[in-house]
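An overview of the molecular structure
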Amino acid sequence: MFSYFANPERFQNLAKWLVPPLAVLGLLGIVIGFGAGLFLTPADYQQGDAARMMYVHVPAAWLSSFSYAFLAVASLISFVWRHNLADAAAKAAAPLGAAFTFLALLTGALWGKPMWGAYWVWDARLTSMLVMFFLYLGYMAVRNIVPDEARAARLAAITAMVGAINLPIIKFSVDWWSSLHQPSSVFRTGGSAIDSSMLWPLLVAALGYTAFFGWLVLVQVQTELERRKIARLQRRLTGGRVSRPENPQRSVSDG
Amino acid sequence: MSAASFIPLSLRAQKLGCDRGGHPVFRGVSFSLAPGEALILRGDNGAGKTSLLRVIAGLTPHCEGVVQTREHGEEWSNAPALGQIAWQGHADAHKLTLSVRENLVFWARIHKNNADLETVLDEVGISAFAHMQTGQLSAGQKRRLALARLLIQNQPIWLLDEPTASLDAKAAQMSEMLTSAHLRAGGIAVIATHSNFAPPGKVSELNLVAAA
Amino acid sequence: MSAASFIPLSLRAQKLGCDRGGHPVFRGVSFSLAPGEALILRGDNGAGKTSLLRVIAGLTPHCEGVVQTREHGEEWSNAPALGQIAWQGHADAHKLTLSVRENLVFWARIHKNNADLETVLDEVGISAFAHMQTGQLSAGQKRRLALARLLIQNQPIWLLDEPTASLDAKAAQMSEMLTSAHLRAGGIAVIATHSNFAPPGKVSELNLVAAA
Amino acid sequence: MNWLGTFMAVLARDTGTARRAGGGWAQGAVFFLLFILLAAFAIGPETRAQGPIAPALVWLAAVLASQLSLDHLFRADLEDGSLDILLASGASLSAIAAGKAVAHWLASFAPVTLLSPLAALMLGAKPETLVPLMVSLAIGGPAFVFFGAMGAALAAGRHGGGLLVMLLSGPLLAPPLIFGAGVIRAGVLDTPDLKLLLASTLMALVLSPIICAAALRVHLE
Amino acid sequence: MNWLGTFMAVLARDTGTARRAGGGWAQGAVFFLLFILLAAFAIGPETRAQGPIAPALVWLAAVLASQLSLDHLFRADLEDGSLDILLASGASLSAIAAGKAVAHWLASFAPVTLLSPLAALMLGAKPETLVPLMVSLAIGGPAFVFFGAMGAALAAGRHGGGLLVMLLSGPLLAPPLIFGAGVIRAGVLDTPDLKLLLASTLMALVLSPIICAAALRVHLE
Ligand code: HEM
Ligand SMILES: Nc1ncnc2c1ncn2[C@@H]1O[C@H](COP(=O)(O)OP(=O)(O)OP(=O)(O)O)[C@@H](O)[C@H]1O
Ligand SMILES: Nc1ncnc2c1ncn2[C@@H]1O[C@H](COP(=O)(O)OP(=O)(O)OP(=O)(O)O)[C@@H](O)[C@H]1O
Ligand SMILES: [Mg+2]
Ligand SMILES: [Mg+2]
């Protein structure tokens, strides 16, 4: 399927169509989800208003894992098929994923104080989430530190693929180790365990986050592709080192 | 040295081009070598000799053209010739804390070559130093050890980057003679050099020209 | 390059002998160089050229004889000439992760030389690479950077170990010319080489033969 | 050019250089003992008496010892040109990586595993905790070295360095560390954590050479 | 050729290479945080609750972070020929050693000092222990780096290596470590231990460059 979109032209056309609706959907979803969560839903009978943190925390936590999965798959495609577009997508997804992860950590910590009496506990889910945050940082560090862009992309892709081991750990950590943290209650075998009045704003917000993510990734991939095209053209025009515009095309002759 | 026991190969490059660090280094390099032939690469500093050798070895990817090898009577195959190449770069690649002999033993094991190492060391004139720590050798003695490794590796294609650097006149001539013997045994060699390295045999030259 | 601003020195060695790793390398080496004179060291691999240079620089202790320097009109002094020597060894001594320019800036700071680095880089033909990572240079380009360092160091005594290694013909000639300019400015040079390095000027030769 | 031959040759050579380089083979063990010594000082007698912390500290020291100078695992071969020659001559990169990792394990972790009961006793551990400690180190050790090697390979280029090694292998080391700590805290061998630890090790042994090979090839390009 | 000029040039260059080498500047800090993370796991929540151990662990982590890759402090300059050139041109070896040690301190210990309160809190330290911890790290830090540098210089030759560094700097590190731990255990600044710690640091600052210079000169011969 991705070979169909491999063509940058085709991608740019598609992106032009997708960007506006995703932007609208993303912003609306987040506003409605948060709004409903904050004002329309009842306070939790155990947790009181602190439970409203959920509408920020839970979708952010979901999206952080989703972004990582996206990053890992895009990296796989770019590594194996040396696919420019997938690499640009991975590059765009990483900071967004890191931001979601940070948001989940932050809101979780804030929520933890009233709930567990501590901002932070060393528990498996929390720690694997922290580990995922480090993985995002590692991915971005590789891209920044290695000056040769092509090489940086390939190394970063390996990093992302290796880190994917972490995803199932996050998912199952609560079952493997007894944990303070909630077990999954929305996505679990046997149907959702959350009341629907609280569920729908949550899902709307999550949808909003996802559209928001798609929007920003698309926009960044667009600009990244443009940037690479311009760099290519520049090289072709100057025929070599930008710092030495006087260089003609290097030539070779048989001696 | 044990007699050469490799399968002779032909090697050719067509319209080869290579970028390094995003900048073009060379374009449109073509050559063809039959068993027993050598190619000398010449060119100014930065012309791309090392880069071309790396591309032939498959160590650095190229952006245009093809490198192909073929055994006698077979088709040209596009795969890089990995596994049939003995490489001698600018660096000597010795472990300085191991003895001269231990360094050579490593390569003999890698290549499953049970030749008599003393003979090989003698051939390049460093048998007296076999038990010395490699880090204590003089620059030219280290380079001679690299030459001994070439003999141990026993591969059909030799890629040599300035083989005579640090060698005295006698050793430089010896390395010409060894290359020439390699060619006679049906080997191929591509050699980048700034000196007048000229092994007796069928030798052509390629001049890489750096613009600047 | 800023004009040479050192105090010219004379250098002499008398009956110098040196052991390395417990074995004698050379014995009875004597020479004397007045400002403006150069000495070319020749000899087979392992003859002791590098060792002799190290002894002169005071980097390796000698077991016999003396090395002395003297300013014009003063007495010969026995101290090693530390602080008046620009050394270029087999190794380039660049930090590969720094840019070309940054490497040179370091040496300029060490020697409190505020010469214009761009001019120096231009002089050795690598100004186009000033902002490149030094590790990305070709072997000859790295060696040119070492040459640039010599110019920045601006010392009366140059000790060069195979200065033309990896250099193309043009650059090798350039290094001869720079050495010659150094001699004309009242400097001294001792140069170990296997090639026919011959800077115009008052040049003598010394042939080292491995002891025992 | 076969996998096993390359593996054995690299293992033999790296064991040799480790021995030569001023007792690299003892480096892990010495760091480990130093850690224990410092820990005994820094923590002070009152706290130390509280038994359960001793095996945990030993476990921590061992893991850290295994990561010591791991960031240089591939650096030398990359910089001195050995990898170029090996690769050009068709040697398997994964065999090389595996050989180097095993040599590192022998040099840094095997002695530590043997010393661990002594160290734990020094910190006042109860005798019955010694067997789980040693077993979990023996089983988990390769996981730390092999996962660490992956980080080292990714960061081996001229631009890598310690930061990357830590950022990259930190996340990978966490799971076996958690499992191992679980075994030790339980104080018995019959826990699910021990099986999970074994699973981590097996995964590391399989994955690491492949990933290392891929990463090294990128550096050579 | 003056002492200060050489010192500053080396300091600037080494800070540059540390930054370039893939964020070597953050290496100490990352190791430190990793240590804390692992410690938190390995030790488990029950023991951790026992407050007093937290600052001691942080102190230990910081000292170990300062020794990280210290064994390579002089190796590169020795092997790539930089020291030959510096020495031949008359640069002061003690200025070079001091410059390198300060650069290492900046890269490995300064960030750790800043991060230490955070780390202690993560391990559940009481707020009032934070000031003595940070002060003792700030005062004692240079002692660890400079004493460590002495070991590194002695072991920098081709035959040196980690073992020597540890064996040589271990005994030197013990006194400041004991004094620092004393400060932390007392939990107040007004202890004789703090003065002794300061004395160790001053001694290290004076002694280390001289010893390093002597050791390096031997390696060059
Ligand atoms: C920094 C601390 C925290 C972190 C890192 C964290 C992390 C996560 C993650 C990764 C998920 C997604 C789970 C999945 O998709 O299976 C999640 C979901 C959730 N978290 Fe947290 N969390 C934290 C604190 C809290 C706190 C304090 C509470 C409330 C007591 C809480 C309540 C929830 C709930 C209710 C869900 C939804 C579970 C579901 O339905 O799947 N979290 N959290
Ligand atoms: N550190 C050392 N320890 C022991 N022996 C050494 C050491 N360095 C050099 N030697 C020995 O001293 C002799 C002279 O070495 P030196 O490097 O001076 O030779 P050279 O003339 O420079 O040779 P080349 O032309 O190869 O550079 C050699 O036989 C060498 O093996
Ligand atoms: N890793 C790299 N990254 C970026 N540019 C590089 C890299 N390696 C080499 N180059 C550049 O490519 C060009 C060709 O380098 P190469 O080493 O092939 O030259 P060469 O002909 O071998 O020169 P020499 O005679 O000096 O050995 C040079 O301008 C060099 O700066
Ligand atoms: Mg070259
Ligand atoms: Mg020499």
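The sections below set out a description of the structure shown in this document. Just so it is clear, the structure is predicted and the values come from calculations on it, not from any experiment. (Residues numbered from 1 in each chain as written. Chains lettered and ligands numbered in written order. Predicted model: local features only at pLDDT ≥ 70, side-chain atom pairs only at ≥ 80, totals over all residues. Heavy atoms only, no water.)

With that out of the way, let us pick up the overall build of chain B. In terms of helices and strands, chain B carries five helices and eight strands. Along chain B, helices and strands appear, N-terminal first, in the series β-β-β-α-β-β-α-α-α-β-α-β-β. Counting only C-alpha atoms, chain B reaches 45 × 45 × 30 Å along its principal axes. Here chain B holds 212 residues, and the buried ones make up 59% of them. By sequence separation, contacts in chain B at least 24 residues apart represent 72% of the contacts at least 6 residues apart. Entry remark: accessible area of chain B is about 7700 Å², with carbon and sulfur atoms responsible for 50%. For chain B, the distance from the average site of its 19 positive side-chain charges to the average site of its 18 negative ones is 3 Å. (Helix = DSSP H or I, 4+ residues; strand = E, 2+ residues; numbered from the N terminus. Buried < 20%, exposed > 50% of the residue type's maximum accessible area, 1.4 Å probe, protein only. Contact = heavy atoms within 4.5 Å. Areas by Shrake-Rupley, 256 points an atom, 1.4 Å probe, with all protein chains shown as cover. Lys, Arg positive; Asp, Glu negative; His and termini not counted. Charge placed at Lys NZ, Arg CZ, Asp CG, Glu CD.)

Time to look at the overall build of chain D. In terms of regular secondary structure, chain D is built from nine helices and zero strands. Listing every helix and strand of chain D by position from the N terminus yields α-α-α-α-α-α-α-α-α. For chain D, buried positions account for 71% of its 221 residues. At a minimum sequence separation of 6, the contacts of chain D that also span at least 24 residues come to 82%. Carbon together with sulfur atoms contributes 73% to the accessible area of chain D, which is approximately 6500 Å² in total.

Taken together, the contact between chain E and chain C spans 27 residues of the former and 28 residues of the latter. Where chain E abuts chain C, roughly 2300 Å² becomes buried across the two surfaces, and 63% of that area is made up of carbon and sulfur atoms. For the chain E face of the interface with chain C, the top three residues by lost area are Arg20, Ile85 and Ala88 of chain E, together amounting to 26%. Linking chain E with chain C are three salt bridges, by the criterion used here. The residue Asp80 of chain E makes a salt bridge to Lys95 of chain C at a minimum N-O spacing of 2.8 Å. There are four residue pairs in polar contact (both at pLDDT 80 or more) connecting chain E and chain C. (Buried area = accessible area lost by both parts, 1.4 Å probe. Salt bridge = Lys/Arg side-chain N within 4 Å of Asp/Glu carboxyl O. Polar contact = N/O pair within 3.5 Å; in protein donor to acceptor, adjacent residues only side chain to side chain.)

All names here are of chain B. Protein-derived coordination of the magnesium ion (ligand 4) comes from Thr50 (OG1) and His90 (NE2), at a distance range of 1.9 to 2.4 Å. Placement of Thr50 in helix H1 (residues 49–57) and of His90 in the loop between strand S5 (85–88) and helix H2 (100–110) is noted, with a sequence separation of 40 residues between them. Classification of His90 by relative accessible area gives partly exposed; the value is 33%. (Donors = N, O, S within 2.8 Å, 3.2 Å for Na, K, Ca; no water.)

To continue, consider the sheet that holds strand S1 (residues 9–20) of chain C. Residue and element names in this part refer to chain C. Pairing within the open sheet is antiparallel, and its three strands lie in the order S2-S1-S4. The open sheet is flanked by strand S2 (23–33) and strand S4 (64–71), the only strands paired with a single partner. Here the average twist between neighbouring strands, direction ignored, is 15°. When S1 meets S2, the two strands line up antiparallel, connected through seven bridges. (Pairing = 2+ DSSP bridges. Axes fitted to C-alpha atoms, helices over the stretch in contact; angles between N-to-C directions.)

Oppositely charged side chains can pair when the atoms bearing their charge come close. Residues and elements named next belong to chain A. Under the criterion given, the structure shown has 37 salt bridges over all chains. With its nearest N and O atoms 3.0 Å apart, the salt bridge here joins Arg227 to Glu149. Residue Arg227 is found in helix H8 (residues 196–238), and its partner Glu149 is found in helix H6 (residues 149–163); the two are separated by 78 residues along the sequence. Salt bridges here are not isolated pairs; linked through shared partners, they connect Asp87, Lys91, Arg143, Glu149, Glu224, Arg227 and Arg228.

A few words now on the side chain of Asp80 of chain E. As for its position among the elements, Asp80 of chain E is in the loop between helix H4 (75–79) and helix H5 (82–88). What Asp80 of chain E contacts, discounting residues up to four positions off in sequence, is Ala91, Asp92, Ala93, His94 and Lys95 of chain C.

A few words on the site of ligand 3. Lining the immediate surroundings of ligand 3 are 21 residues, of which Lys49, Thr50 and Ser51 of chain B together with Ser138 and Gly140 of chain C lie closest. More than one chain lines the surroundings of ligand 3; the residues nearby belong to chains A, B and C. In the model, an oxygen atom of ligand 3 is placed 2.8 Å from a nitrogen or oxygen of the Gly48 of chain B main chain. For ligand 3, whose accessible area on its own is 640 Å², the fraction buried by protein is 93%. Looking at the shell around ligand 3, the elements with two or more residues in it are H1 of chain B together with helix H4 (139–153) of chain C. Split into classes, the residues belonging to the shell around ligand 3 amount to five nonpolar, 12 polar and four charged. (Near = heavy atom within 4 Å. Nonpolar A, V, L, I, M, F, W, Y, C, P; charged D, E, K, R; others polar.)

This next bit is on the coordination of the magnesium ion (ligand 5). As a benchmark, a tetrahedral metal site with four donors has ideal angles of 109.5 degrees, while an octahedral site with six donors has ideal angles of 90 or 180 degrees. For the magnesium ion (ligand 5), the full set of protein donor atoms is Thr50 of chain C (OG1) and His90 of chain C (NE2), and the range of their distances to it is 1.9 to 2.3 Å. Owing to a relative accessible area of 24%, Thr50 of chain C belongs among the partly exposed residues under this scheme.

All names here are of chain A. Structurally, Ala153 can be placed in helix H6. Each C-alpha atom of the pair Ala153 and Asp87 lies 7.0 Å from the other, and the pair is 66 residues apart in sequence. Apart from the residues lying within four places of it in its own chain, the contact partners of Ala153 are Asp87 and Arg143.

What follows covers the sheet that holds strand S6 (residues 157–161) of chain C. Sheet strands associate in pairs through backbone hydrogen bonding, adopting either a parallel or an antiparallel arrangement. Residue and element names in this part refer to chain C. Read from one edge of the open sheet, five strands run S5-S6-S7-S3-S8, paired in parallel fashion. Each edge of the sheet is formed by a strand with only one pairing partner; in this case those strands are strand S5 (85–88) and strand S8 (202–207). Neighbour-to-neighbour, the strand axes of the sheet open up by a mean angle of 15°, direction not taken into account. The sheet strands contacting helix H1 (residues 49–57) are strand S3 (37–42), S5, S6, strand S7 (188–192) and S8, and the helix crosses S6 at an angle near 155°. Across the sheet, helix H5 (residues 169–184) lies against S3, S6 and S7, angled at about 150° from S7, the strand it touches most.

This brings us to the packing of helix H5 (residues 124–145) of chain A against H6 of chain A. Residues and elements named next belong to chain A. At a minimum axis distance of 8 Å, the contact between H5 and H6 shows a crossing angle of 165°. By the angle between their axes, H5 is roughly antiparallel relative to H6. For the crossing formed where H5 meets H6, the hand is right-handed. Judged by residue contacts, Leu135, Tyr139, Val142 and Arg143 of H5 engage Ala152, Ala153, Leu155, Ala156, Ala157, Thr159, Ala160 and Gly163 from H6. Considered class by class, the residues forming the contact of H5 with H6 number nine nonpolar, two polar and one charged. (Parallel < 35°, antiparallel > 145°, perpendicular 65-115°, else oblique. Left-handed = near helix turned anticlockwise from the far one by under 90°.)

What follows concerns the state of the cysteines. One pass over the full model with this rule turns up zero disulfides over all chains. As a non-bridged cysteine, Cys63 of chain C has Cys18 of chain C as the owner of its nearest cysteine sulfur, 6.4 Å distant. (Disulfide = S-S within 2.5 Å.)

Taking 1.5 Å per residue, 18 residues should reach 26 Å; helix H1 (residues 3–20) of chain D reaches 26 Å between its end C-alpha atoms and fits that length. Buried residues of H1 of chain D: Gly5, Thr6, Phe7, Ala9, Val10, Leu11, Arg13, Asp14, Gly16 and Thr17 of chain D, and no others. Here the buried face of H1 of chain D lies against H2 of chain B together with helix H4 (75–79), helix H5 (82–88) and helix H6 (93–122) of chain D. (Expected span 1.5 Å × (residues − 1).)

Our focus in this paragraph is the nonpolar core. Of all hydrophobic cores here, the largest spans 319 residues; its most connected members are Phe35 and Phe74 of chain D together with Phe35 of chain E. Per-element accounting of this core gives the leading share, 13 residues, to helix H7 (residues 130–154) of chain D. With six residues, the next largest nonpolar core counts Met54, Trp111, Leu199 and Leu202 of chain A among its residues. (Core = buried A, V, L, I, M, F, W, Y, C linked by side-chain atoms within 4.5 Å.)

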